[in-house]
Every structure is written in structure tokens, then in C-alpha cells.
Amino acid sequence: MSEQRMAVIGIGATGTVLAAALLGKLPDTFLIGRTPDLGETLKSKGLFVSGEITCNVPVNNYSSQIGDLRKFKPTAIFLTTKAFHLEQVLDDLSDVFVAGMKIIACQNGLGPEDLVADRFGRESALRMSLNYGASVKKAGQAAVIFFNRPNHIGGLSQQNAEFGAQLADTLTDCGLDTAFVDDIKLFVWKKMVMKCTMASICAVTGQTIKEALQYPPTREIADACFQEVLVVARSMGYDLGENYLQQALAYLQKVGVHKDSMCNDIDNRTPTEIDFLGAKVVAYARANGISTPFYVTMTNLVKSIESRYLDH
């Protein structure tokens, strides 16, 4: 991939890790964060990542304004903001986007890549499923709690196959093992069946994933939700197979000693990503005439909790 010019929008936990990996090989990578103050910190101290991935890299290009990417003219832009910021980010990118630019949605949830495609065309949209968990220690510092290698990346158009494969190689060369896949939505569903189910349960109860799976009442809810979402996935063309649930539960037991990020959203009284998680499963189900009473209940409980502080 010649003349690689990368940008990362969103320097939270996952964005910090992704940006640090890119900066290790591509020092001109442009970072977009929320405030000018963050830029001062990053330019003086760089990005520091510890845990399953370790690196400490300087930051040369930073802005809190997406419009500043116009002069930089990135080849590819990675979106790592929370999903509920996506519409505004895409609005701001309208003045930056030019033909040939690729936009990679890295958010949790179902459908963010479709919003990118709706705005800028399928040939411009890629999706990346991040298989690492990270937490922010302080501005510019993140810890990688686990990394279930590799990440997966793919495009919504076959036109992006060569670019996507090259991008995967670049990320792997940067130390962030990534594989290009022909059907990225399959890998998104494999991850989101787990995420969509456990996020709401953990957010409502305050439990870790492991606690929710080991406590019989919440395990009963989880089992019912898993069955519902697997039916929904199948209706969308993705039959994950007989062994999927067993493998998913084994995976969750391995990484489940931590709380889901939606718990932090509730604790910090910030918007959750429920509209791209449980609510998206419910929307797909209704569109296909499928009943999902457990998913509806858990989604509405999260929305009710969220409304107590967002509506006041």
C-alpha cells in the first residue's frame, strides 16, 4: 500500500491502542480527539500502552477538529468513537471526504459500517472487529486487558478486497495482528451475539460478565437471550453453527472477570451504545417477524436507566 496516510478519530481506550500501533510504523498518523488539552498532553508525553500490547510512541499530528483532516488528506480513517457519536462524526467528515478515501468503522455494535456506506458509498466503507479489550488509565495511556488474536477487517464491496488485505498486513506489521476476511459481517455477528447479550445484563445488574454467567438467575436470562439473538442472526443470513454457543461461553468465561463497558457508561452517567446493541437486535427481529421478549426487556431496562440521567 503506497503512501499510507492514516487517521484515527476517537482516542479513548480502543483508539489509543490502535493509534499507538499505527504510530509505531507510521509516525505521521493523524489523531483526532475531543479537546485541545488532550493534544498538549499527547504531544508532550506521546501514547503509552501496557498489558497484552506494550508500546510508547510520540504523537506528531493531533487536532480536536475533524475538519483539520482536509489538508492531511488521509488514505484511510479509523473511527473508534462511541457508536452514539457516529452520526455527528459522519456529518463532520462530509467536508473532508474525497473519492477514494476509505472509512473503517471500529465501533462495537451492529450496523455502524452501514451508516458509513449510506453516507459515503459501499466502496468507501470497511468494518473492523476489534478483538482486544482495553481500559484508559489516564489521558494518552491505555492498558490492554486481553487480545484474542487476530482482529478482523473487511469491506462492504468486493472493490475493497485488495485494499483491505493490504491494510490488514499493515496493522499486523504494526503489532496489531489483523486478518482480512471476505464476509466481515459474519465475524461481527460472532462477536456481537456475545456483546449484545451480556452488555445489557451487566449494565442492569452491575455484575461482571463472569458473575452474570455464574449466578443462576442472570444465567437464565443470558441463556434465553442467546437463543433469541441466534435466531435473529440466522434470519439475517448468519447461521453460526451448533458449536457456536459452547465456544462463545468458553470465550466469555476467559475474559469475563471484567465489567462490560456499558457498566462504565451507566456509572459515569453517559450515553450507552444500546441502540447499536440490544436495540439493534430487537429492530432486526421485528423487521423479520421474530419475537424476542428477553431482548426487549433487557433493552428497555437499559434505556430506562439511561433516561433517568440523560433526560434531566
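Note that this is a predicted model, so its numbers are computed, not measured.

Novice: Mind laying out the sheet that holds strand β12 (residues 178-180), listing which residues take part and the relevant values?
Specialist: Across the sheet, which stays open at both edges, the eight strands sit in the order β5-β2-β1-β6-β7-β8-β11-β12 with mixed pairing between neighbours. Of all the strands in the sheet, just β5 (61-63) and β12 have a single pairing partner and so form its edges. Averaged over all pairs of adjacent strands, the angle between strand axes in this sheet comes to 20 degrees, irrespective of strand direction. Looking at chain direction, strand β7 (residues 102-105) and strand β8 (residues 125-129) are connected through three bridges and run parallel. Bridging across to β8, A105 finds its partner in R127. Helix α2 (residues 36-45) rests against β2 (30-32) and β5 of the sheet, and its axis sits at about 160 degrees to β5.

Novice: Could you give me a rundown of the sheet that holds strand β10 (residues 141-147), with the residues and numbers involved?
Specialist: Reading across from one edge, β4-β3-β10-β9 is the order of the four strands in this open sheet, with mixed pairing throughout. The open sheet is flanked by β4 (55-57) and β9 (132-138), the only strands paired with a single partner. Looking at each pair of strands side by side, their axes are set apart by 20 degrees on average, direction ignored. Across three bridges, strand β3 (residues 47-51) lies against β4 in antiparallel orientation. Across the sheet, the residue bridging to F48 is N56, located in β4.

Novice: I'd love a proper account of the state of the cysteines, names of residues and values included.
Specialist: In a disulfide, the sulfur atoms of two cysteines are held together by a covalent bond. According to the stated counting rule, one finds zero disulfides in the structure shown. In this structure C55 is not part of a disulfide, and its nearest cysteine sulfur, from C174, lies 9.9 Å away. Of all cysteine sulfurs, the one in C202 lies closest to C263, which takes part in no disulfide; the gap is 5.1 Å. Here C263 falls in the buried class, since its relative accessible area comes to 3%.

Novice: Please provide a residue-by-residue account of the side chain of S129, values included.
Specialist: Here S129 lies in strand β8. Exposure remark for S129: the relative accessible area of 4% places this residue in the buried category. Beyond its immediate stretch of four places on either side in the chain, S129 contacts N151, H152, F187 and K191.

Novice: Any chance you could break down the packing of helix α7 (residues 184-205) against helix α9 (residues 216-235) for me, citing the residues and the numbers?
Specialist: Here α7 crosses α9 at 145 degrees, and the two axes come no closer than 10 Å. Note on packing geometry: the crossing formed by α7 with α9 is right-handed. Residues W189, V193, M194, T197, M198, I201 and T205 of α7 form the contact with α9, whose own contacting residues are T218, I221, A222, C225, F226, V229, L230, V232 and A233. Along the lines of polarity and charge, the residues of the contact of α7 with α9 split into 13 nonpolar, three polar and no charged.

Novice: Could you give me a rundown of the packing of aromatic side chains, with the residues and numbers involved?
Specialist: The final tally for this structure, using the stated rule, is five aromatic pairs. Each ring, one from Y132 and one from F147, has its centre 5.9 Å from the other, and the planes form 85 degrees; the classification is edge-to-face. Here Y132, found in strand β9, pairs with F147, found in strand β10; they are 15 residues apart in sequence, far enough to count as distant. Take Y132: its relative accessible area is 5%, and that puts it in the buried class. What makes F147 buried here is its relative accessible area of 9%. It is K190 that lies over the ring of F187; its NZ or CZ is 5.1 Å from the centre.

Novice: Can you explain empty space enclosed by the protein? Please cite residues and give values.
Specialist: One pass over the structure, following the stated rule, counts one cavity of 30 Å³ or more. In this model, the largest cavity occupies a volume close to 30 Å³. Looking at the largest cavity, the residues that line it are G155, S157, Q158, N160, A161, F180 and D182. Class assignment of the residues belonging to the lining of the largest cavity gives a composition of two nonpolar, four polar and one charged.

Novice: Please set out the pattern of salt bridges residue by residue, giving values where relevant.
Specialist: Considering all chains together, one arrives at eleven salt bridges under this definition. Its salt-bridge partner being D114, residue K185 comes within 3.1 Å of it at the nearest N-O pair. Highlighted residues: K185 in helix α7 and D114 in helix α5 (residues 112-120), separated in sequence by 71 residues. When the shortest N-O distance is used, the salt bridge between R234 and D239 registers 3.8 Å. R234 gets classed as partly exposed once you look at its relative accessible area, which sits at 44%. Connected via shared salt-bridge partners are E113, D114, R127 and K185.

Definitions and cut-offs
- Residues numbered from 1 in each chain as written.
- Predicted model: local features only at pLDDT ≥ 70, side-chain atom pairs only at ≥ 80, totals over all residues.
- Heavy atoms only, no water.
- Pairing = 2+ DSSP bridges.
- Helix = DSSP H or I, 4+ residues; strand = E, 2+ residues; numbered from the N terminus.
- Axes fitted to C-alpha atoms, helices over the stretch in contact; angles between N-to-C directions.
- Contact = heavy atoms within 4.5 Å.
- Disulfide = S-S within 2.5 Å.
- Buried < 20%, exposed > 50% of the residue type's maximum accessible area, 1.4 Å probe, protein only.
- Left-handed = near helix turned anticlockwise from the far one by under 90°.
- Nonpolar A, V, L, I, M, F, W, Y, C, P; charged D, E, K, R; others polar.
- Phe/Tyr/Trp six-rings, centres within 6.5 Å; stacked < 30°, edge-to-face > 60°.
- Lys NZ or Arg CZ within 6 Å of the ring centre and 35° of its normal.
- 1 Å grid on protein atoms, 1.4 Å probe; cavity = no way out; pocket = protein on both sides within 12 Å on 5 of 7 lines; lining within 4 Å.
- Points joined across faces, edges and corners; volume = space filled by probe spheres on them.
- Salt bridge = Lys/Arg side-chain N within 4 Å of Asp/Glu carboxyl O.

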